[in-house]
Amino acid sequence: YKNPQKLPGNQVKCDYDNPPPQGKICEIELEKNMGPCTEAFNYGFTAARNEKINSILSHISGGIFLFYVIFYSILACLFAICMYVLMSTLTDEYPKLQLDESIIGVNPGLGFRPMSSDPEAASLIRYKINNTESASMWTKEIDNYLEVYKNPQKLPGNQVKCDYDNPPPQGKICEIELEKNMGPCTEAFNYGFTAGKPCVFIKLNKIYGWEPDYYQSLDELPHEMPVTLKSYITHAVNISVAHVS
């Protein structure tokens, strides 16, 4: 059919509306009338093969997708279990590692207030005595620091009245009466800044579980304590118990 010379020679062009005359046959135009069943389309075999390949690839893609769904689901479950176990060992009330087990250790750091908010100034306190605005920057810092002591509602509620002779029971802290016990270092006196004698509040950084060593008498003070500090404690008025960290 591709080579008409090999046929009897009685082919004529015809179709359904124009049938061939008697003794003639219709000429077959392969590329025109056979649709995809031609040599150009590999007689449909390529399409069948591509369809099979597509079917295989679709199955593989579905398998890969299912694998990753299961894989990441297992990872998510393992992560959730690890987080649950970890969080069950923690509490919002205190850190898990304390004292020697922690990085901080058993020696609390010493801080002070007021402290400049300017990182370049570091620990320098600098102002002009005759400049009220210059001093107010520092007094405001102290006001902010002492705010919780001025407003008892902001404290945990475990404050009790105590002194050196009457220490607080376990779980309680001493109530601080600022205007009564702080001398000239109160808001009424601008914490000594306007008088040229600024007050600096020394504080120990908080360490959970840490308890200070108590010395019941001056003879128990450690030998490595600075002489000036020993002298101050010795000559202090009405001191019966010294708390030394």
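All values reported here derive from a predicted model rather than from experimental measurement. For every chain, the first residue of the written sequence is number 1, and numbering continues from 1 along that sequence. Whole-chain, interface and lining totals are the exception, using all residues; otherwise, since this is a predicted model, local features are given only for residues with pLDDT of at least 70 and side-chain atom pairs are given and counted only at 80 or more. Each side-chain value is derived from all of the structure's non-hydrogen atoms; neither hydrogens nor water enter the calculation.

K.L.:
Please set out the pairing of strand β6 (residues 201–204) residue by residue, giving values where relevant.
P.N.:
Relative accessibility decides the category of a residue: with a 1.4 Å probe and only protein chains considered, values under 20% of the type maximum give buried, values over 50% give exposed, and everything between is partly exposed. The way it works is that DSSP assigns letters per residue, a run of H or I at least four long becomes a helix, a run of E at least two long becomes a strand, and they are numbered from the N terminus. Residues Phe201 and Lys203 line the buried face of β6, whereas the alternating positions Ile202 and Leu204 sit on a face that is not buried. In this sheet, β6 lies alongside strand β3 (residues 110–113) in antiparallel orientation, the contact comprising four bridges. Bridge pairing in β6 places glycine 111 opposite lysine 203. When DSSP locates at least two bridges between a pair of strands, those strands are taken to pair.

K.L.:
So what about empty space enclosed by the protein? Which residues, and what values?
P.N.:
Any residue with an atom within 4 Å of a point lines the site, the site being either a cavity, points on a 1 Å grid over the protein atoms alone where a 1.4 Å probe fits but cannot get out, or a pocket, an open set with protein on both sides within 12 Å along at least 5 of 7 lines. Grid points are joined across faces, edges and corners, and a volume is the space filled by probe spheres set on the points. Applying the stated criterion to the full structure yields one cavity of 30 Å³ or more. A volume near 30 Å³ is recorded for the largest cavity. Leu146, Lys150, Leu178, Glu179, Met182, Cys185, Thr186, Glu187 and Tyr191 together form the lining of the largest cavity. When its residues are assigned to classes, the lining of the largest cavity shows five nonpolar, one polar and three charged. Here the term charged refers only to Asp, Glu, Lys and Arg, the term nonpolar to Ala, Val, Leu, Ile, Met, Phe, Trp, Tyr, Cys and Pro, and the term polar to all other amino acids, Gly among them.

K.L.:
How would you explain the environment of tryptophan 210 if you had to name every residue and give the values?
P.N.:
Relative to the elements of secondary structure, tryptophan 210 occurs in the loop between β6 and β7 (213–215). Placed 105 residues apart in sequence, tryptophan 210 and glycine 105 show a C-alpha to C-alpha distance of 9.4 Å.

K.L.:
Describe unusual backbone geometry, listing the residues and the values that go with them.
P.N.:
Omega for the peptide link from arginine 113 to proline 114 comes to 10°, which places this bond in the cis form. Examined against the element boundaries, proline 114 turns out to sit in the loop between β3 and α3 (132–150). Its identity as a non-glycine residue notwithstanding, leucine 99 has a phi of 55°, on the positive side. Along the chain, leucine 99 falls in the loop between α2 (45–88) and β3. For asparagine 190, which is not glycine, the phi dihedral falls at a positive 55°. By secondary structure assignment, the location of asparagine 190 is in the loop between α4 (178–181) and β6.

K.L.:
Describe the nonpolar core, listing the residues and the values that go with them.
P.N.:
Only buried Ala, Val, Leu, Ile, Met, Phe, Trp, Tyr and Cys residues count toward a nonpolar core, and they belong to the same one when joined by side-chain atoms within 4.5 Å. Counting 11 residues, the largest nonpolar core consists of Tyr127, Ala135, Trp138, Ile142, Leu146, Leu178, Cys185, Tyr191, Phe193, Cys199 and Phe201. Examining the composition of this core, we find that four residues originate from one element, α3, more than from any other. If we ignore the near neighbours within four places in the chain, the residues touching phenylalanine 193 are Pro114, Ile125, Tyr127, Ile129, Ala135, Trp138, Thr139, Ile142, Pro198 and Cys199. The contact definition used throughout considers only heavy atoms, calling two residues in contact when any of these lie within 4.5 Å.

K.L.:
Break down the state of the cysteines for me, citing the residues and quoting the values.
P.N.:
Cysteine sulfur atoms that come within 2.5 Å of each other are treated as a disulfide pair. The tally for this structure, following the rule as stated, stands at two disulfides. A sulfur-sulfur distance of 1.8 Å marks the disulfide that ties cysteine 162 to cysteine 174. With cysteine 162 in the loop between β4 (159–160) and β5 (173–174) and cysteine 174 in strand β5, this pair connects stretches of sequence that are 12 residues apart. Using a relative accessible area of 19% as the deciding quantity, one classes cysteine 162 as buried. Through a disulfide, cysteine 185 is tied to cysteine 199; the S-S separation comes to 2.0 Å. Across the disulfide from cysteine 185 to cysteine 199, rotation about the S-S bond amounts to roughly -85°, and the bridge is consequently left-handed. Taken as a pair, cysteine 185 in the loop between α4 and β6 and cysteine 199 in the loop between α4 and β6 lie far apart in primary sequence, 14 residues in all. Judged by its relative accessible area of 7%, cysteine 199 is buried.

Purely geometric numbers; function is a separate question.
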